[in-house]
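Fold and contact review
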Amino acid sequence: MNGITIYHNPACGTSRNVLALIRNTGDEPTVVEYLQDPPDRATLERLIASMGMAVRDLLRRKGTPYDELGLDDPKWSDEQLVGFMLRHPVLINRPIVVTPLGTRLCRPSEAVLDILPRAQQGAFSKEDGEAVIDARGQRVAKPNPKP
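Residues numbered from 1 in each chain as written. Predicted model: local features only at pLDDT ≥ 70, side-chain atom pairs only at ≥ 80, totals over all residues. Heavy atoms only, no water.

**Considering the pattern of salt bridges**
Following the criterion strictly, the structure yields nine salt bridges and no others. Between Glu28 and Arg23 there is a salt bridge; the shortest N-O distance is 2.9 Å. Looking at Arg23, the relative accessible area reads 40%, which means it is partly exposed. For Arg41, the salt bridge goes to Glu45, with nearest N and O atoms at 3.3 Å. With Arg41 and Glu45 both in helix α2 (residues 41-51) and four residues apart, the pair spans about one turn of that helix. A relative accessible area of 31% means that Arg41 is categorised as partly exposed. Owing to a relative accessible area of 36%, Glu45 belongs among the partly exposed residues under this scheme. Connected via shared salt-bridge partners are Arg104, Asp114 and Arg139. (Salt bridge = Lys/Arg side-chain N within 4 Å of Asp/Glu carboxyl O. Buried < 20%, exposed > 50% of the residue type's maximum accessible area, 1.4 Å probe, protein only. Helix = DSSP H or I, 4+ residues; strand = E, 2+ residues; numbered from the N terminus.)

**Concerning the state of the cysteines**
Inspection of the entire model under this criterion finds zero disulfides. Left without a disulfide partner, Cys12 is nearest to the cysteine sulfur of Cys106, which lies 11 Å away. With a relative accessible area of 6%, Cys12 lands in the buried category. You can call Cys106 buried: its relative accessible area is 0%. (Disulfide = S-S within 2.5 Å.)

**A closer look at α2**
Along α2, the residues that are buried comprise Thr43, Leu44, Leu47, Ile48 and Met51. Projected down its long axis, α2 carries its buried residues within an arc of 135 degrees, all on one side. More than 90 degrees from the buried face of α2, the exposed residues found are Arg46 and Ala49. Elements that come into contact with the buried residues of α2 comprise β1 (5-8), α3 (55-58), α4 (78-87), β3 (96-99) and β4 (102-105). A side-chain oxygen of the first residue of α2 lies 3.3 Å from the backbone nitrogen of Ala42; this N-cap is Asp40. (Arc of directions from axis to C-beta. Contact = heavy atoms within 4.5 Å. Polar contact = N/O pair within 3.5 Å; in protein donor to acceptor, adjacent residues only side chain to side chain.)

**Things to note about the nonpolar core**
Among the nonpolar cores identified, the biggest contains 21 residues, and Leu58, Leu71, Met85 and Ile96 are the most heavily contacted of them. Of all the secondary structure elements, the ones that give two or more residues to this core are α2, α3 and α4. Here Leu71 is in contact with Arg56, Leu59, Tyr66, Trp76, Leu81, Phe84 and Leu91, once residues within four sequence places are set aside. Formed by 16 residues, the second largest nonpolar core is a distinct cluster that contains Ile22, Val97, Ala111 and Leu116. (Core = buried A, V, L, I, M, F, W, Y, C linked by side-chain atoms within 4.5 Å.)

**Details of the side chain of Ser15**
With respect to the secondary-structure elements, Ser15 resides in helix α1 (residues 13-23). Among the polar contacts listed, one links the side chain of Ser15 to the side chain of His8, at a separation of 2.6 Å. If we skip the residues at most four places from it in the chain, Ser15 touches Ile6, Tyr7, His8, Asn9, Arg94 and Pro95.

**Remarks on the pairing of β4**
The side chains of a regular strand alternate between the sheet's two faces. Burial along β4 is one-sided: Thr103 and Leu105 are buried, and none of Gly102 and Arg104, which face the opposite way, are. Taken together, the four bridges between β3 and β4 define a ladder with antiparallel strand orientation. Residue pairing in the sheet places Ile96 in a bridge with Leu105 of β4. Hairpin connection, β3 to β4: the antiparallel pair is bridged by two residues. (Pairing = 2+ DSSP bridges.)

Structure representation (structure tokens):
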């Protein structure tokens, strides 16, 4: 057991890229398809605390009931927002990855590289063709944006 868990949505390109980056180390993570098997309150609260992020920062807006539930209203407490995520797991942004080196919301997908215990084993490109890892297993430098 390698101690890596990904809270994954197979319909999400970022989540698929993160899973592939984990597998590119030779590790096979525990995959939790959180829309079908959502975390319980204690697990979700532990994940949020481990990431050191505000509960609101984990809320996903696009393609969710965020707006219809009025979740941008500051009246909602953290406990209430967690409750909304438990009732509507699609509100949980993804992918969340837990490794022995930390817990992170991996957006962009390259964020997972900072918490993987093992090095990349070969070249990797995202589904859109963007090169992330070269043939030596090293990160590909991103070009500086033009001014």
